[in-house]
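This is what each chain is made of:
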Amino acid sequence: MLTATSPAPAPRGATESRLVVQVLPDAAAVARRAADLVAELLLAGGLRTFGVATGSTPSPVYAELAARGLPGWDGVRLFALDEYVGLPAGHPESYRAVIEREAAGPLGVPLDQVHVPDGTADDPRAAADAYEAALAAAGGADVQLLGIGANGHIGFNEPGSPLGSRTRVVDLDERTRADNARFFDSPAQVPHHAVTQGVATIGTARRHLLLATGAAKAEAVRAALEGPVGPACPASAVRLFTDVHVLLDTAAASLLTRA
Ligand code: F6R
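Criteria and cut-off values
- By convention here, each chain's residues receive numbers from 1 onward along its written sequence.
- Local features in this predicted model are restricted to residues whose pLDDT is 70 or higher, and side-chain atom pairs enter the listing and the counts only when it is 80 or higher, whereas totals over whole chains, interfaces and linings include all residues.
- As a rule here, side-chain values come from all non-hydrogen atoms in the structure, and water together with hydrogens is ignored.
- For each residue, the accessible area found with a 1.4 Å probe, counting protein chains only, is set against the maximum for its type, and the residue is called buried under 20%, exposed over 50%, and partly exposed in between.
- Numbering of helices and strands runs from the N terminus, with a helix taken as a DSSP run of H or I at least four residues long and a strand as a DSSP run of E at least two residues long.
- Here, two residues are considered to be in contact whenever any of their heavy atoms come within 4.5 Å of each other.
- Put simply, a residue is near a molecule or strand once any heavy atom of it comes within 4 Å of that molecule or strand.
- Side-chain atoms alone can form a polar contact between residues adjacent in sequence; in general such a contact is a pair of N or O atoms within 3.5 Å, and within protein one must be able to donate a hydrogen while the other accepts it.
- Values of accessible area rely on a 1.4 Å probe in the Shrake-Rupley scheme; residue burial ignores everything except the protein chains shown.
- Whether a set of points on the 1 Å grid over the protein atoms alone is a cavity depends on a 1.4 Å probe fitting there but being unable to get out, while an open set qualifies as a pocket with protein on both sides within 12 Å along at least five of seven lines; lining residues are those with an atom within 4 Å of a point.
- The rule for placing a molecule in a cavity or pocket is simple: more than half of its atoms must lie within 2 Å of the grid points.
- Lys, Arg, Asp and Glu make up the charged group, whereas Ala, Val, Leu, Ile, Met, Phe, Trp, Tyr, Cys and Pro make up the nonpolar group; the residues left over, Gly among them, are polar.
- For a helix, the expected span equals 1.5 Å multiplied by the residue count minus one.
- Here, any two strands with at least 2 DSSP bridges between them count as paired.
- Helix axes are fitted to C-alpha atoms over the stretch in contact, other axes to C-alpha atoms as well, and angles between N-to-C directions run from 0 to 180 degrees.
- By definition, no residue in a patch forms a salt bridge, and every one has over 30% relative accessible area; like charges are joined within 9 Å, nonpolar side chains (Val, Leu, Ile, Met, Phe, Trp, Tyr) within 5 Å.
- In the sections that follow, a salt bridge refers to a side-chain nitrogen of Lys or Arg positioned within 4 Å of a carboxyl oxygen of Asp or Glu.
- The charge count treats Lys and Arg as positive and Asp and Glu as negative. His and the chain ends do not count.
- Just so you know, the charge point we use is NZ for Lys, CZ for Arg, CG for Asp and CD for Glu.
- For Phe, Tyr and Trp, rings pair up if their centres lie within 6.5 Å, where Trp contributes its six-membered ring, and each pair is then called stacked (planes under 30 degrees apart), edge-to-face (over 60) or tilted (otherwise).
- Grid points are joined across faces, edges and corners, and a volume is the space filled by probe spheres set on the points.

**Q** Would you take a moment to explain helix H7 (residues 218-226) for this structure?
**A** The α-helix winds at 3.6 residues per turn, so residues separated by three or four positions along the chain end up facing the same way. Among the nine residues that make up H7, seven are buried, leaving the element largely enclosed by the rest of the structure. What H7 keeps buried is the set Ala218, Ala220, Val221, Ala223, Ala224, Leu225 and Glu226. Looking at the buried residues of H7, the elements they touch are strand E2 (18-24), strand E10 (208-212) and strand E11 (243-249).

**Q** How do you make sense of the site of the ligand when you look at a structure like this?
**A** Taken together, 16 residues surround the ligand, and among them Thr57, Asp82, His153, Gly155 and Lys217 come closest. The separation between an oxygen atom of the ligand and a polar side-chain atom of Thr57 is 2.4 Å. Isolated, the ligand exposes 410 Å² of accessible area, and the fraction of that covered by the protein chains is 93%. Comparing atom positions with the cavity grids shows the ligand to sit within the largest pocket. Classifying every residue of the shell around the ligand by side-chain character gives five nonpolar, eight polar and three charged.

**Q** Explanation requested: helix H1 (residues 27-43) in the structure shown.
**A** With 17 residues, H1 should reach 24 Å at 1.5 Å per residue; the first-to-last C-alpha distance of 24 Å fits that figure. On its buried side, H1 packs onto E2, strand E3 (49-52), helix H2 (59-67), strand E7 (143-146), E10 and E11. Where H1 terminates, the next one or two residues include Gly45, which has phi positive at roughly 80°.

**Q** I keep staring at the sheet that holds strand E9 (residues 193-196) and nothing clicks. Help me out?
**A** Sheet strands associate in pairs through backbone hydrogen bonding, adopting either a parallel or an antiparallel arrangement. With antiparallel pairing, three strands are arranged side by side in an open sheet as E5-E9-E8. The sheet terminates laterally at strand E5 (82-84) and strand E8 (168-171), the two strands that pair on one side only. The mean inter-strand angle of the sheet, taken between neighbouring strand axes irrespective of direction, is 30°. Two strands pair when backbone bridges link them, and E5 and E9 are joined in this way by three bridges, in the antiparallel orientation. Considered in E9, the bridge of Glu83 is made with Val195.

**Q** For this particular structure, what's the right way to read a negative patch on the surface?
**A** The grouping of Asp118, Asp122, Asp123 and Asp129 at the surface amounts to a negative patch. Mapped onto the elements of the fold, Asp129 is located in helix H4 (residues 124-137). Accessibility expressed as a relative area gives 52% for Asp129, which makes it exposed.

**Q** Quick question: what am I supposed to make of the pattern of salt bridges here?
**A** Working definition: two side chains of opposite charge can pair if their charged atoms are close together. For the coordinates displayed, the defined rule picks out eight salt bridges. Of the charged contacts in the structure, one is a salt bridge between Glu100 and Arg96, with a shortest N-O distance of 3.2 Å. Here Glu100 pairs with Arg96, and both are found in helix H3 (residues 95-107), just four residues apart, close to one helical turn. Under the relative-accessibility criterion, Glu100 is labelled partly exposed at 25%. Arg206 is the salt-bridge partner of Asp142, the closest N and O atoms lying 2.9 Å from each other.

**Q** What's the story with the packing of aromatic side chains in this structure? I'm lost.
**A** The geometry of two aromatic rings is summed up by the distance between their centres and the angle between their planes. Following the criterion strictly, the structure yields seven aromatic pairs and no others. Ring geometry for Phe50 against Trp73: centres 5.9 Å apart, planes inclined by 35°, an arrangement best described as tilted. Here the residue Phe50 occupies a position in strand E3, and Trp73 occupies one in the loop between H2 and strand E4 (77-80), the gap between them amounting to 23 residues. For Phe50, a relative accessible area of 0% gives the class buried. Centroid distance Phe79 to Tyr131: 5.9 Å. Interplanar angle 55°. Geometry classified as tilted. Of the two residues, Phe79 is situated in strand E4 and Tyr131 in helix H4; the sequence distance between them amounts to 52 residues. Note on Tyr131: relative accessible area 5%, which makes it buried. Among the aromatic residues, ring-to-ring pairing joins Tyr84, Tyr95, Phe156 and Phe184 into one connected group.

**Q** Explanation requested: the layout of surface pockets in the structure shown.
**A** The gaps left among the atoms become clear once a water-sized probe is rolled over them. In this structure, the largest pocket occupies an estimated 400 Å³ of space. With three residues, the top contributor of residues to the lining of the largest pocket is helix H5 (residues 174-180). By residue class, the composition of the lining of the largest pocket is eight nonpolar, twelve polar and four charged.

The structure is reproduced here in structure tokens:
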């Protein structure tokens, strides 16, 4: 395992800031390492609010955590990063359904402790504002799990998203719609809009675990960690966050020059 630590710019008011990049042999090792870090926090009593992501990358992390049979999940609240707008309630690919199926159920988190933006609301903008307020009222996430889009998105903050953005309704990039078409019967069924935590909202978490596996993520990982920090690659904002672990497999790390 190769481990590189590089200083991240300290956000105002922060006393210490760290960004650790670990390159692991494969996706299974990435999931195990992420589970180790989450489990450590849970067992130390420091995981009251868990920021969860959906998609192929975090899914094995929940399975790994569930397999460990750890106590204490019934006291944890889950807050999702994002939700499609316009899928009917209960649609199996809505992020509420995914989080319930892949995370809350296997871990034993009561469903009334699962928070996901309401993508079925008549007024999605009001739903976005309500979600931002609910996360703030919960005190923010103790740890936020993040995947990265092949275009450098985090949550559904597509390229061009302001780093100061908050939870809002967004248009999905055609690249993101195409990438996510694998979860639907046909590409046309992928929604065009979503409610996502903003980049700054994501930054309110106390710790972040950014995971990437596979060669398709290599360019986005390079841009996030070695390119300019800015809206062209929203994931680059992790370099402004306080306590970040980036866990990569060798394929996702293959374009890095400094890890
Ligand atoms: C999911 C999310 C997205 C995904 C990203 C990577 O809640 O917010 O940012 O993390 O699209 O998805 P996978 O892991 O499927 O490649």
